[in-house]
Amino acid sequence: MVHTAYNAITTLTFTMVEIFHDAIILIYIIQNLMVVSIPTIFATMLTTEANNLKLLLHDRLLIERASSVREDIKRFVAYIDARPFQLYVCRLIPLDYKFPLILINIYVSYAIALAQFSNTDKN
């Protein structure tokens, strides 16, 4: 009877440890996903605001009567069209909604390359 109770307690303890370990891993994964996703969300919000500003300028261009102000607005809209707002990581990777997929692509590519190089050492 005591032996059965001891087995039940140890099994429950190991089960709780496994659940706790799985919860820690899940929290770690969620934290890393948030670290990658939050900057992309804010960068997308900034890009959207820049596009909204461009729409407001086009609306203002339709309303404005003074020719000097219209020319200034046209010049600024041309500048925004020539240089759209975009954030980059290391001036190489665009920081937008595709950024997490680009990171996964890079990780998988390096994992494949490492796997191929580790197999060549065995031959």
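Rules of the game
Every chain is numbered independently, its residues counted from 1 as its sequence is written. Where totals are concerned, whole chains, interfaces and linings use all residues; where local detail is concerned, this predicted model gives features only for residues with pLDDT of at least 70, and gives and counts side-chain atom pairs only at 80 or more. Working from all heavy atoms in the structure, the side-chain values ignore hydrogens and water. Secondary structure elements follow DSSP: runs of H or I no shorter than four residues count as helices, runs of E no shorter than two count as strands, and numbering proceeds from the N terminus. In this scheme, a residue with accessible area under 20% of its type's maximum is buried, one over 50% is exposed, and one in between is partly exposed, where area comes from a 1.4 Å probe on protein chains only. The contact criterion used is simple: two residues touch if any of their non-hydrogen atoms lie within 4.5 Å. Exposure was quantified through the Shrake-Rupley algorithm and a 1.4 Å probe, taking into account, for residues, occlusion by the shown protein chains and nothing else. Only one rule defines a salt bridge in this text: a Lys or Arg side-chain nitrogen within 4 Å of an Asp or Glu carboxyl oxygen. Per residue, pLDDT captures the predictor's confidence, and it can take any value from 0 to 100. To count toward a patch, a residue needs a relative accessible area over 30% and no salt bridge; like charges are then connected within 9 Å, while nonpolar side chains (Val, Leu, Ile, Met, Phe, Trp, Tyr) are connected within 5 Å.

Peer 1: For this particular structure, what's the right way to read the overall build of the protein?
Peer 2: Of the regular secondary structure elements, the protein holds three helices and two strands. Secondary structure of the protein in N-to-C order comes out as α-α-β-β-α. By the burial criterion, 11% of the 123 residues in the protein qualify as buried. Of all intrachain contacts in the protein linking residues separated by at least 6 positions in sequence, the fraction that spans at least 24 positions is 43%. For the protein, the exposed surface amounts to about 10,600 Å²; the carbon and sulfur share of it is 70%.

Peer 1: Hey, could you run me through the environment of T44 in this one?
Peer 2: With respect to the helices and strands, T44 occurs in helix α1 (residues 2-63). Judged by relative accessible area, which is 30%, T44 ranks as partly exposed. C-alpha of T44 to C-alpha of F85: the two residues are 41 residues apart in sequence and 10.0 Å apart in space.

Peer 1: Any chance you could explain the pattern of salt bridges here in plain terms?
Peer 2: When their charged atoms lie close together, side chains carrying opposite charge are able to pair. Per the stated rule, a full pass over the model turns up four salt bridges. Of the charged contacts, one joins K54 and D81 as a salt bridge, the two residues approaching to 3.0 Å between their closest N and O atoms. In this pair, K54 sits in helix α1 while D81 sits in helix α2 (residues 67-82), placing the two residues 27 residues apart along the sequence. The class for K54 is partly exposed, based on a relative accessible area of 24%. For E71, the salt bridge is made with K74, and the minimal N-O distance between the two is 4.0 Å.

Peer 1: Would you explain the confidence of the model for the protein in this entry?
Peer 2: Note: predicted coordinates in regions of low pLDDT should not be interpreted at a detailed level. Mean pLDDT over the protein works out to 83, with 83% of the residues at or above the 70 mark. Ranking the elements of the protein by mean pLDDT puts α1 last, at 80, and α2 first, at 91.

Peer 1: Would you mind showing me how to read unusual backbone geometry here?
Peer 2: Negative phi values dominate among residues other than glycine, just as trans dominates among peptide bonds. Positive phi outside glycine occurs at C90, with the angle close to 55°. One can find C90 in the loop between β1 (88-89) and β2 (93-94). Taking relative accessible area as the criterion, C90 reaches 73% and is therefore assigned exposed. Backbone geometry at R91 places phi at a positive 55°, although glycine is not the residue there.

Peer 1: Can you walk me through the side chain of E64 in this structure?
Peer 2: Positionally, E64 belongs in the loop between α1 and α2. The contacts of E64, once residues within four sequence positions are left out, are V69 and R70.

Peer 1: Would you mind going over a nonpolar patch on the surface with me for this structure?
Peer 2: Taken together, the side chains of L26, I30, M34, I38, I41, F42 and M45 present a nonpolar region at the surface, about 660 Å² in accessible area. With respect to the helices and strands, M45 occurs in helix α1. Residue M45 is classed as partly exposed on the basis of its relative accessible area, which comes to 45%.

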